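Overview (structure and organization)
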Amino acid sequence: EAGVTQFPSHSVIEKGQTVTLRCDPISGHDNLYWYRRVMGKEIKFLLHFVKESKQDESGMPNNRFLAERTGGTYSTLKVQPAELEDSGVYFCASSQQGATNEKLFFGSGTQLSVL
Amino acid sequence: QKEVEQDPGPLSVPEGAIVSLNCTYSNSAFQYFMWYRQYSRKGPELLMYTYSSGNKEDGRFTAQVDKSSKYISLFIRDSQPSDSATYLCAIGLGGNTPLVFGKGTRLSVIA
């Protein structure tokens, strides 16, 4: 069984540019989460989808971040325009329907560097 | 006060040593306690999961939760070089409320 897949693994962009991160959860997992780790800090929650609906987006830092999950399968996280403080590792995680987020499966992350 | 405190290390031990990793937390409402292991360039992988207080053992790994002290621990017996990784504690309120992570402790087991 394939795990959670994230693309790209690395992205280097300049301040003001746009970047789109993609996450493919484990097949059949209705819950999809985005987390972020800024250097030197803890992993922090960004938002949670149940199928295609946003269940909780309380962790999204500002309106430069837009997450979508059309059709309830893969998800994208777009940052527009990117700022220096957006640099970090963005993790996607998924879990089965009915499972709580204590049983999360994480992807390997996208390392985003904004110069 | 941070919700979860974890010493980032690094921690270096010889092969075969017993390793003790710890976190403290501030909110007594937390009920779910997890330990994740993260290898370099990989995502966190769930290692141990405990609900409420008590101990849980899985092979060489033992997780302990002391809710009265708001203190959680992970013990690794007979540590191996393959245990070298960053260990993150994570706590939750339950349901689908967001997990709160510690900073992670970087462990190196030297052969």
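Our structure's up above, just so we're on the same page.
Right, let's walk through the structure included here.

Rules used in this analysis
- Every chain is numbered independently, its residues counted from 1 as its sequence is written.
- A letter from A marks each chain and a number from 1 marks each ligand, given out in the order of writing.
- The predicted origin of the model limits local features to residues at a pLDDT of at least 70 and limits the giving and counting of side-chain atom pairs to 80 or more, whereas totals for whole chains, interfaces and linings rest on all residues.
- With hydrogens and water excluded, all non-hydrogen atoms of the structure serve as input to the side-chain values.
- Here, two cysteine sulfur atoms that lie within 2.5 Å of each other are counted as a disulfide.
- Each helix is a run of H or I in the DSSP string that is no shorter than four residues. Each strand is a run of E no shorter than two, and both are numbered from the N terminus.
- Burial classification: accessible surface area is computed with a 1.4 Å probe over protein chains only, and a residue below 20% of its type maximum counts as buried, one above 50% as exposed, and the rest as partly exposed.
- Contacts: residue pairs with any heavy atoms within 4.5 Å of one another.
- Buried area counts how much accessible surface, traced with a 1.4 Å probe, disappears from two parts once they are put together, with both parts' losses summed.
- The salt bridge criterion pairs a side-chain nitrogen of Lys or Arg with a carboxyl oxygen of Asp or Glu, the two atoms within 4 Å.
- Polar contacts here mean pairs of N or O atoms no more than 3.5 Å apart (in protein, one a potential hydrogen donor and the other a potential acceptor; neighbouring residues in sequence count only if both atoms are side-chain atoms).
- Note on residue categories: nonpolar means Ala, Val, Leu, Ile, Met, Phe, Trp, Tyr, Cys or Pro, charged means Asp, Glu, Lys or Arg, and polar means any other residue, Gly included.

By the definition in use, this model includes 2 disulfides over all chains. There is a disulfide in this structure between Cys23(A) and Cys92(A), and the S-S distance comes to 1.8 Å. Across the S-S bond linking Cys23(A) and Cys92(A), the dihedral sits near -60°, which makes this disulfide left-handed. You can see Cys23(A) sitting in strand 3 (residues 19-24) and its partner Cys92(A) sitting in strand 9 (residues 88-95), a full 69 residues away along the chain. Taken individually, Cys23(A) and Cys92(A) each receive the classification buried, so the pair is uniform in this respect. In this model, Cys23(B) is linked to Cys89(B) through a disulfide, with the two sulfur atoms separated by 2.0 Å. Measuring handedness by torsion sign, the sulfur bridge of Cys23(B) and Cys89(B) sits at about -100° and is left-handed. Pair noted here: Cys23(B) is in strand 3 (residues 19-25) and Cys89(B) is in strand 9 (residues 85-92), with a separation of 66 residues, a long-range link. In this structure Cys23(B) comes out as buried when scored by relative accessible area, which is 2%.

This part covers the interface of chain A and chain B. Residue-level contacts link 21 residues of chain A with 22 residues of chain B. For the pair chain A and chain B, the summed buried surface comes to about 1,800 Å²; carbon and sulfur atoms form 54% of the total. In this assembly, chain A and chain B are joined by 0 salt bridges. Joining chain A to chain B, the criterion identifies 3 residue pairs in polar contact (both at pLDDT 80 or more). Where the side of chain A that touches chain B is concerned, the elements lending two or more residues are strand 4 (31-37) and strand 5 (43-50) of chain A. Here the side of chain A that touches chain B takes 4 residues from strand 4 of chain A, the largest share from any one element. The residue makeup of the side of chain A that touches chain B, split by class, is 8 nonpolar, 7 polar and 6 charged.

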